[in-house]
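Understanding the architecture of this molecule
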Amino acid sequence: MIRSLLFIYVLSIITLIGNAQNTQPVIAKALYSFTHIIDTTQPDKPHTESMVLLLGKKASVYLSLDEIKQLEALQRAFGHQIPELGGLNQIFYFPDENQLLTERMLGSSYLVQEPAYKISWTITNDTMSIEGVSCLKATARFRGRNWIAWFAPDMPFNAGPWKLHGLPGLIVSAHDDKNEVIFSFAGFENVTKATTDQPKKELKTPDGKSMPAVYNLSVIQLPEKAIRASKKEFARLEEAMKKDPHGFFQTQMAGSGSNIKTVVGKPVGASTGTKPPEFNNPIELSEN
Amino acid sequence: MPKWILLISLLTTVYITAAQQVWEGKITDGQISLESVSVVLKDSAGKIIAFTRSNNDGVFTFTIPVAHPGFKLEFSSIGYKKKTMALPSQFQKLDITLEEDAVRLKDVILTDRPSIKTSGDTSTYNPADFADKQDRSIGDVLKKMPGISVDDAGKIEYNGKSISSLYIDGDNVLDNQYNIGTQAIPHTAVDRVQVIEKDQPIKMLRKNNRSENVALNLVLKKEARIKLMGDATIGAGVPEKYNAEINTMLFRKQLKFLNALKTNNIGQNLQTELTRHDFFGMSSSQNHKPDAFLSAGSSTVPGLPLRRTLFNNAALANLNNLFKLNDDYQVKINAAIYFDFQRMDYSKSTVIYLPDKTIRYKETQTNQYRPQMIQTKIDFTGNAEKYYLKNSLSIHSAQGRTNSKLNTNDQAANQNLKNETTEFLNELSFSKTLSSKNNIAFASTLSKTSLSENLYLNPGINPDIFNHGSPYAGLAQHVKLPTFFSHEQLSFTHGNKNLFQTYAIGHVYQKQLLTSELMKQDGNIQEPAGIDFRNNLSWNFTKWFFSSMYEYKSQKADASLKLPLSRNTYRYDDEKLNKYVNNAFIVFNPQFFLKYQTGIEHNLTLNYAHSLSAGNIENIYYGSILRNYRSLIANDAPLSQQTSDMASLTFNFKKAIQMIFFNLGTSFGNVSSNTISSYIITDEQEKRIAIPLFNQSKSWSAFGSASKYFFDLSSTGSVKASFSSNNMDQLQNEVLLKFKGYNISLSSGFKTKFSKKFNTDYDIRYNISRYRSAGEKIGTSFSQVQQQLMLYLSSLAGMDFNATVQHLFSHQPGQKPVNYVFADAGVRYNWKKMKADVLLDIRNIGNIRTFETITQSSNSYITGIYQIPGRMVVVSVRFLIR
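Along each chain, residue indices are assigned from 1 in the same order as the chain's sequence is written. Chains carry letters from A onward and ligands carry numbers from 1 onward, assigned in written order. A pLDDT threshold of at least 70 governs which residues receive local features in this predicted model, and a stricter bar of 80 or more applies before side-chain atom pairs are shown or counted, although totals over entire chains, interfaces and linings include all residues. The side-chain quantities take in all heavy atoms of the structure and omit both hydrogens and water.

Our focus in this paragraph is the overall build of chain B. Note on conventions: DSSP H or I runs of at least 4 residues are helices, E runs of at least 2 residues are strands, and numbering of each starts at the N terminus. The secondary structure content of chain B amounts to six helices and 47 strands. Judged by the C-alpha coordinates and their principal axes, chain B covers about 130 × 70 × 60 Å. Relative accessibility thresholds used throughout: buried, under 20% of the residue-type maximum; exposed, over 50%; partly exposed, between the two (1.4 Å probe, protein chains only). When burial is assessed residue by residue, chain B has 47% of its 882 residues classed as buried. Reported accessibility uses the Shrake-Rupley method at a 1.4 Å probe radius. Residues are deemed covered only where the shown protein chains occlude them. Accessible surface computed for chain B: about 41300 Å², of which carbon and sulfur atoms make up 56%. Taken together, the 99 basic and 76 acidic charged side chains of chain B have centroids lying 4 Å from each other. The positive count covers Lys and Arg only, the negative count covers Asp and Glu only, and His and the chain ends enter neither. All charge positions are set by atom: Lys at NZ, Arg at CZ, Asp at CG, Glu at CD.

Structure below.
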């Protein structure tokens, strides 16, 4: 009995996702400054990136503003265009279904579904005003780190930066207890219908002429052309690509009709990455 | 979604958590239920003790151990007033109504936004992430970047597609002869490599960009943008080998240049640096002009890469300068001078099977070849938002001298060939946007070429033909061909969201005058060999055309249809022979292309083209031309007309998660022609005359390839197979032979990365070709196996090692199989103290000095034995200039 109920439950959730994952208008966007010590031996060389969280009523998406700006710079210089949506590294969250999907680029675009999880937050009485936004403190153990999050009860969104969410209000700022990963608040803007209709910030060429925007920041939509993958499947791909990037892409080429080349040219050295700094501290750690 | 499912799901939730007190409620705005409303329960101290959200039906539930007085419920949602109420003391179903509210949340704008820093998006690579200690140039590093490969000739591909341009800080300095750039620019000067997936260099076309071209842009580091950079290499080796080069470069915003001087005799072909890797313009395919009528002998060794076979002594100066006048205007000058002195010695034996007899002959040649080339190209580009203007003027002049001592069927002779070509080419294009959807473009090409060739042969050969059977001093063949070409067209493009229409009208004109004369030297007398060996042919080709093209693009499909219609007129006239022809006809050559996405991971591609094409001056001249000591070529036929139909279908499929990729395809072709080449072959001579005779050749092929990445082995495995069959007609010694042939080729590769420091690359290829004539029992068969193993070992005591072993095996029935094993090795040492690299290169360790190779056609085998450079050891040092 319980089994069949469970089945129906799962089925209903799948149907729900199907409904919810249509285009969602963006109501507001939150900006974050992301700092990550990727090499624990070189804490003075953190990776920094500016991020944006697009907030809809039933969905949110977290992506890199820098990545968009880079694409825009490319477009400005070369007329390079990416498809209106998709083709970026981004994290989608659907609070009603508690579903999290990550779009990742690895030769092709992949949509990776995370197994459902719930962060068990402990909400404290500590309050703080961050840039005039009154926030409450919450703590949780999640994916190998002790997180401290500040959320704004006055901003009724269930979302937050990266994979953090599930508080009664927008997570405005968050960091781990070692301060190795920090999402600090960098702004909040409403996206009204009026600003949605007209292209918000128009791109300008060096001589001041306008260009079409690279990325539509006014809707949340899952990429249609992305290949669905489980977290485990994608991790395997990523591992292979890290270990042998050349082989990884050669495989794709050889099978897509390009010639298998008998390279008789000057032999080159092996590809051993001397990566400065070493990536040894992912945000997600294994629990132990 | 049926409501009962939701109800059951909710009930299940309740069922699972039924141990505690479950509160439930519904939120509406009075009429419509409100979804995604935040519900927060606070205790009397204001601490949050539970929270939830309303679902699609406005329903919410939360669970608390027990209710206390003073508990407060808060409801908030964007666009509604926040509502606060006390939690009823008695358990009850809650009905909540929210009021609409126009007040928005407050914007928080921070002035000190985080600065932009590069992130690791996939279309931008940081060379430092891929560079090894031993790498110097950006080319060394490019080939390691995911998706990028660099082939033997220096051609760069991204995900299997040739790049259209290599930009340096956004400028196409090298005009697509980019080899010099990838070899000379140090990777340390490059901050980022950007992949531009839809490269559109023309600004006004960027709005509705339909480009499918991929380009790379090298973004330089700040410090690399101000200073002069460069490097110098000097090397020496045995036996008597040297190489040296100097590169200097500057990449400022207003002025960019890359100039190089190079020289070597180690078999590095410097001419490849002048190879253009982009596609030829629309005009060059219509301006047909033979590269050469005459030849002295074979110029390359079939079956081996040039570096294994070339005896050279080359020098090259390559200058590339770009001046930016402002953001929209630039001037670019690319110039090069090239000299070489090449040697080639070989002997060849040819067997031709004919129904009644078998022809055999032998020849030995010792050749010295001196090519020279000077070229200059000046480009002016105006590239603005509303218009595009480009004019390029190029002057290209090449000379070649060949001295060849030959021996054929025990007859010795000398051949001396001089050829000279000069071309002036001016290409102008101008386009302008009329409105957001409409563009208009004008293009014009003017070209003037001269070709002059002289072949001297002594003593005179085949006295039976040329001198009534008595010996004579020699023959001299002179050929001149000036060509004038012009092409003008006006086109209009209308673009909508998915559909683009282009209409063009234009005019093409080509005028040529072929003069040739064969002179006979007998004693001190020089006289024409006869009227049969003379041409004075004027050729005029005029074409008026109207073409329409439709391109459609959507999520699922990508299609194009080209419908070019033209009226072509061919007039040619040899006054002395009293032959005049005026030929005009309508030509319609439609082309269709469709790519259909049958799924996220698979697609179908269909191609079809029909074409009617006419011959050119090479197919109509009447007087015989002595192409080389063996071949006399002439025509006696009307203008040839070829009709061809080609179709292909390809299916691409991938399972990206399992890293399996494959494609399958088939293609058909049918070509028919109203003329055929008739060969008269004897032991001494080969005579070709084109004569009128309808003939047809048909071909079809099937091909497939697959590749898989083996996760556990860190290896890429790939297989490829193709089968092709063709039917064709050949007219030899007045017998029409109908040949059937097929070819099977199989190849496989396996690349393994054992560790960061050690990897291997293995390839094997098998090929078999068979031809058989219908009825007559003649034919040929030939099979070949090639395999190659490459090993790389890096970072061992500051040195990197590489080794290559190549095995070639070929077999022809009734003959001993031919086997060769070539081995090479190299070491690179980073001499930190001197900031220099030391390279040791050992080539052809087995010291193989002759190479035997077989070339097969439908009824002949040519066995060539070539002299190749033996073992070579070269040490070179490369210094950086800072």
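Bringing the overall build of chain A into the picture now. When helices and strands are tallied, chain A shows five helices and 16 strands. Relative to its full complement of 288 residues, chain A shows a buried share of 57%. Contacts between residues were defined by any pair of non-hydrogen atoms, one from each residue, lying within 4.5 Å. When contacts within chain A are restricted to residue pairs at least 6 apart in sequence, those whose partners lie at least 24 apart make up 58%. Surface accessibility of chain A: about 12000 Å² in total, with carbon and sulfur atoms responsible for 55%.

We define a salt bridge as a side-chain nitrogen of Lys or Arg found within 4 Å of a carboxyl oxygen belonging to Asp or Glu. Summed over all chains, the structure comprises 36 salt bridges over all chains. Here R145 of chain A makes a salt bridge to D176 of chain A, at a shortest N to O gap of 2.8 Å. Of this pair, R145 of chain A sits in strand β10 (residues 145-152) while D176 of chain A is found in strand β11 (residues 170-176), placing the two residues 31 residues apart along the sequence. Neither residue differs from the other here; R145 of chain A and D176 of chain A are each classed as buried. Measuring nitrogen to oxygen at the nearest pair gives 2.8 Å for the salt bridge that ties R225 of chain B to D169 of chain B. With R225 of chain B in the loop between β14 (214-220) and β15 (229-238) and D169 of chain B in the loop between β12 (161-168) and α4 (179-184), this residue pair connects regions lying 56 residues apart in the sequence.

All names here are of chain B. Two strands pair if DSSP finds at least two bridges between them. Strand order in the open sheet formed by four strands is β3-β2-β5-β6, with antiparallel pairing between adjacent strands. In this open sheet, the two edge strands, each paired with only one partner strand, are β3 (48-53) and β6 (83-86). Adjacent strand axes in the sheet meet at a mean angle of 20° when their direction is disregarded. Sheet topology note: the strand β2 (residues 38-42)/β3 ladder contains five bridges and is antiparallel. Counterpart to L41 in the pairing with β3 is A50. Helix axes are fitted to C-alpha atoms over the stretch in contact, other axes to C-alpha atoms as well, and angles between N-to-C directions run from 0 to 180 degrees.

Right, let's get into the packing of aromatic side chains. Under the pairing criterion, centres of Phe, Tyr and Trp rings, with the six-membered ring standing for Trp, must be within 6.5 Å; the plane angle then separates stacked pairs below 30 degrees from edge-to-face pairs above 60, leaving the rest tilted. Scanning all chains against the criterion turns up 36 aromatic pairs over all chains. On the basis of an interplanar angle of 25° and a centroid distance of 5.5 Å, the ring pair of Y570 of chain B and F585 of chain B is categorised as stacked. With a gap of 15 residues between them, Y570 of chain B in strand β29 (residues 557-574) and F585 of chain B in strand β30 (residues 579-588) connect regions that are remote in the sequence. An identical accessibility class is assigned to Y570 of chain B and F585 of chain B; each is buried. Taken together, the ring pairs connect Y32, F34, Y62, Y117, F142, W147, W162 and F183 of chain A into an aromatic cluster. Over the ring of F711 of chain B we find R236 of chain A; its NZ or CZ atom is 3.8 Å from the centre of that ring. A positively charged side chain is recorded as over a ring if its NZ (Lys) or CZ (Arg) lies within 6 Å of the ring centre. The angle to the ring normal must also be within 35 degrees. Over the face of the ring belonging to F710 of chain B we find K708 of chain B, whose NZ or CZ atom lies 5.8 Å from the ring centre.

With that settled, consider the nonpolar core. Most often, soluble globular proteins keep nonpolar side chains buried together rather than apart. Joining through side-chain atoms within 4.5 Å is the link that ties buried Ala, Val, Leu, Ile, Met, Phe, Trp, Tyr and Cys residues into a set, and such a set is a nonpolar core. Grouped together as the largest cluster of nonpolar side chains are 47 residues, with contacts concentrated most on W121, L164, L170, F183 and F188 of chain A. Put simply, the parts of the chain that give this core at least two residues each are β2 (28-36), β3 (47-55), β5 (90-94), β8 (122-130), β9 (133-142), β10, β11 and β12 (181-190) of chain A. Residue contacts for F183 of chain A: discarding those within four places in its chain leaves Y32, S33, F34, Y62, W147, P161, W162, L164, V172, S173 and A174 of chain A. One finds Y125, V214, L216 and A224 of chain B within the second-largest nonpolar core, a separate group that totals 34 residues.

Take a positive patch on the surface next. To count toward a patch, a residue needs a relative accessible area above 30% and no salt bridge. Like charges then connect within 9 Å, nonpolar side chains (Val, Leu, Ile, Met, Phe, Trp, Tyr) within 5 Å. Residues K225 of chain A together with K161, K198 and K595 of chain B make up a contiguous surface patch of positive charge. In this structure, K225 of chain A sits in the loop between β15 (219-220) and β16 (227-230). For K225 of chain A, a relative accessible area of 49% corresponds to the partly exposed category.

Residue and element names in this part refer to chain B. If you trace the backbone, S673 turns up in strand β36 (residues 660-681). Within polar-contact distance, the side chain of S673 engages the backbone oxygen of T675 at 3.2 Å. When near neighbours in sequence (up to four residues on either side) are disregarded, S673 contacts Q641, Q642, L693, F694 and N695. Throughout this description, a polar contact denotes any pair of N or O atoms lying within 3.5 Å of each other; where both atoms belong to protein, one of them has to be capable of donating a hydrogen while the other can accept it, and for residues adjacent in sequence the pair is counted only when both atoms sit in side chains.

Attention shifts here to the sheet that holds strand β7 (residues 94-97) of chain B. All names here are of chain B. Read across the sheet, three strands follow the order β4-β1-β7 without closing on themselves; strand pairing throughout is mixed. At either end of the open sheet lies a strand with only one pairing partner, and these are β4 (59-64) and β7. Taken over all neighbouring pairs, the strand axes of this sheet differ in orientation by 30° on average, direction set aside. Summarising the sheet, strand β1 (residues 21-28) and β7 pair through four bridges and their orientation is parallel. The partner of T28 across the bridge, within β7, is T97.

Turning next to the confidence of the model for chain A. Residues and elements named next belong to chain A. Note on scores: pLDDT gives the predictor's confidence for each residue, bounded by 0 and 100. Per-residue pLDDT for chain A has a mean of 73; in total, 68% of the residues score no lower than 70. Here residues 11-20 is a poorly scored stretch, pLDDT under 50, and it has 13 contacts once near neighbours within four places are set aside; other chains count. Ignoring residues within four places in sequence, the model shows residues 82-86, a span with pLDDT below 50, making 14 contacts including any to other chains.

The next subject is a nonpolar patch on the surface. A contiguous nonpolar patch, built from F430, L434, I440, F442, L490, I505 and F546 of chain B and spanning about 590 Å² of accessible area, is present on the exposed surface. Looking at the element boundaries, L490 of chain B is found in strand β25 (residues 474-495).

All names here are of chain B. Of note, M229 is situated in strand β15. For the pair M229 and F251, spaced 22 residues apart in sequence, the C-alpha to C-alpha distance is 9.0 Å. In contact with M229, other than residues within four places in its own chain, are P186, A189, A224, N247, T248, M249, F251 and I881.

Residue and element names in this part refer to chain B. Position of S560 among the secondary structure elements: in strand β29. Between the alpha carbons of S560 and Q591 there is a distance of 8.1 Å; along the sequence they are 31 residues apart. If we skip the residues at most four places from it in the chain, S560 touches Y550, E551, Q591, F592 and F593.

All right, on to the pairing of β11 of chain A then. Successive side chains on a regular strand alternate, one facing one side of the sheet and the next facing the other. Residue and element names in this part refer to chain A. Burial of β11 is extensive: six of the seven residues sit out of reach of the surface. By the bridge criterion, six bridges tie β10 to β11 in an arrangement that is antiparallel. Bridge pairing links W147 to D176 in β11. Looking at chain direction, β11 and β12 are connected through two bridges and run antiparallel. Residue H175 lies in a different strand from β12, and its bridge partner there is I182. Between β11 and β12, which pair antiparallel one after the other, the connecting turn spans four residues, and N179 there sits at a positive phi close to 55°.

Here we come to the pairing of strand β5 (residues 72-76) of chain B. Residue and element names in this part refer to chain B. Counting buried positions along β5 gives four out of five residues, so the element sits mostly inside the fold. With five bridges joining them, β2 and β5 adopt antiparallel strand pairing. Bridge pairing in β5 places V39 opposite F75. In the sheet, β5 pairs with β6 via four bridges, with the strands oriented antiparallel.

This part covers the environment of M51 of chain A. All names here are of chain A. The topology assignment puts M51 in strand β3. Overall, the relative accessible area of 8% leaves M51 in the buried class. Separated by 173 residues in sequence, M51 and E224 place their C-alpha atoms 23 Å apart. When sequence neighbours within four positions are dropped, the list of residues in contact with M51 reads A30, L31, Y32, F34, Y62, L63, S64 and L65.

What follows deals with unusual backbone geometry. All names here are of chain B. With an omega dihedral of -5°, the bond running from V238 to P239 counts as a cis peptide bond. Relative to the elements of secondary structure, P239 occurs in the loop between β15 and β16 (241-251). The step from N458 to P459 runs through a cis peptide bond, and the omega angle for that step is -5°. Tracing the backbone through its elements, the reader meets P459 in the loop between β24 (438-458) and α6 (463-466). Positive phi outside glycine occurs at E240, with the angle close to 50°. By the element assignment, E240 lies in the loop between β15 and β16.

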